Amino acid sequence: MPYTTLDFDVADGIATLTLNRPQARNALDMTMRAEMADVVRELAASTEIRALILTGAGEHFCAGGDLRSMSEQRRPPHASRGRVKAVHRWLRDLVDLEMPVIAAVDGSAYGAGFSFALAADFILATPRARFCAVFGRIGLVPDLGMFHLLPRVVGLARAKELIYSARVVPAEEAQALRIVYALHPPEQLLPAAQALAKRFSHASREALGLSKNILNQALHLDAHALEDLESHAQAVCMSTDYYQDAVQRTLDRQPLAFDWERLGQEGE
């Protein structure tokens, strides 16, 4: 379906979702939030898409929530709470998509834009990218899942520092904090994200999806529960044609379809 604030394309099993409000630094207004819910539903239902790239049109990834739409009128607390909870319904599905998700970040990833990037499995960024949990500057708490996502990436103490200070984190520091997976020049950012996504297209969709599903639960389940999930997931994977083919290739001393280093060299 056509969207007014997003571009959504699929080619060769790789989906690209572009926030497309460059005149507003791709800030999330109410229309974009509703359209995001539709796209995430489509992604979750797809059996053909192997990886997703998130990016922003123009020179910025996402400046966060659209303050103009947020300030249209003063709402009672229950109305504001419902507005945030509506986002959580599709955000959780985005975080839990059973496919690799790669954020390609240039320019600002502020507020909800920072949270949106953290929803990805990998963040690729340009040297001019900058991240900021800006909420405290305007008297708000983080939203779009940041309380859950940020401490799991940088640790609790550092998450407190970034949220309390609401300071800007430049790209190189973000990489040192393990927020950013790799840095690329602006003109190479999207090609690098596409090359990374294509490497995953050679992997078992079932194995990657189930691994992500379990990893996303790993920090709040005990060992017994994780072992149970592990055994069920392994049984599913061992029943796939992909696994049977990989075993036969190994016995025949043939190259495996999914070889991370070889695929990386081919993509260079």
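Now for a quick tour of the structure. Remember, it's a predicted structure, so these values are computed and weren't measured experimentally. (Residues numbered from 1 in each chain as written. Predicted model: local features only at pLDDT ≥ 70, side-chain atom pairs only at ≥ 80, totals over all residues. Heavy atoms only, no water.)

### A word on the pairing of strand 1 (residues 6–11)
Note: strand 1 against strand 2 (residues 14–19), six bridges, orientation antiparallel. When the sheet's bridge partners are listed, Asp9 is paired in strand 2 with Thr16. Between strand 1 and strand 2, which pair antiparallel one after the other, the connecting turn spans two residues, and Asp12 there sits at a positive phi close to 55°. (Pairing = 2+ DSSP bridges. Helix = DSSP H or I, 4+ residues; strand = E, 2+ residues; numbered from the N terminus.)

### Description of a nonpolar patch on the surface
Together, Leu67, Ile138 and Leu140 make up an exposed nonpolar region whose accessible area comes to about 280 Å². Note that Ile138 resides in the loop between strand 7 (130–132) and helix 5 (146–154). (Patch = residues over 30% accessible without salt bridge, like charges linked within 9 Å, V, L, I, M, F, W, Y side chains within 5 Å. Areas by Shrake-Rupley, 256 points an atom, 1.4 Å probe, with all protein chains shown as cover. Salt bridge = Lys/Arg side-chain N within 4 Å of Asp/Glu carboxyl O.)

### Regarding the packing of helix 5 against helix 6 (residues 156–165)
For the pair helix 5 and helix 6, interaxial distance at closest approach is 7 Å and the crossing angle is 125°. Accordingly, the angle class assigned to the pair helix 5 and helix 6 is oblique. Pair helix 5 / helix 6 crosses with right-handed handedness. Across the interface between the two elements, Met146, Leu150, Pro151 and Val154 from helix 5 touch Leu156, Arg158, Ala159, Leu162 and Ile163 from helix 6. Of the residues belonging to the contact of helix 5 with helix 6, the class tally is eight nonpolar, no polar and one charged. (Axes fitted to C-alpha atoms, helices over the stretch in contact; angles between N-to-C directions. Parallel < 35°, antiparallel > 145°, perpendicular 65-115°, else oblique. Left-handed = near helix turned anticlockwise from the far one by under 90°. Contact = heavy atoms within 4.5 Å. Nonpolar A, V, L, I, M, F, W, Y, C, P; charged D, E, K, R; others polar.)

### As for unusual backbone geometry
Residue Asp12 is not a glycine yet carries a positive backbone phi of 55°. Mapped onto the secondary structure, Asp12 falls in the loop between strand 1 and strand 2. Assessed through its relative accessible area of 73%, Asp12 is described here as exposed. Of note, Arg253 is a non-glycine position whose phi angle comes to about 55°, a positive value. Topologically, Arg253 is positioned in the loop between helix 11 (241–251) and helix 12 (260–267). (Buried < 20%, exposed > 50% of the residue type's maximum accessible area, 1.4 Å probe, protein only.)

### Considering the side chain of Arg199
If you trace the backbone, Arg199 turns up in helix 8 (residues 186–200). Classification of Arg199 by relative accessible area gives buried; the value is 18%. With residues up to four places along the chain from it excluded, the contact list for Arg199 reads Phe258, Trp260, Leu263 and Gly264.

### Considerations on the pattern of salt bridges
One pass over the structure, following the stated rule, counts nine salt bridges. Between Asp29 and Arg21 there is a salt bridge; the shortest N-O distance is 3.5 Å. The exposure classification of Asp29 matches that of Arg21, with both residues buried. For Asp38, the salt bridge identified is with Arg41, shortest N-O distance 2.2 Å.

### A short note on helix 5
Every buried residue belonging to helix 5 is among Met146, Leu149, Leu150 and Val154, and all of these are buried. Down the axis of helix 5, the buried set is contained in an arc of 100°. They therefore lie on one face. Tucked inside the fold, the buried residues of helix 5 contact helix 3 (77–95), helix 4 (112–118) and helix 6. Immediately beyond the C-terminal end of helix 5, within one or two residues, lies Gly155, with a positive phi of roughly 90°. (Arc of directions from axis to C-beta.)

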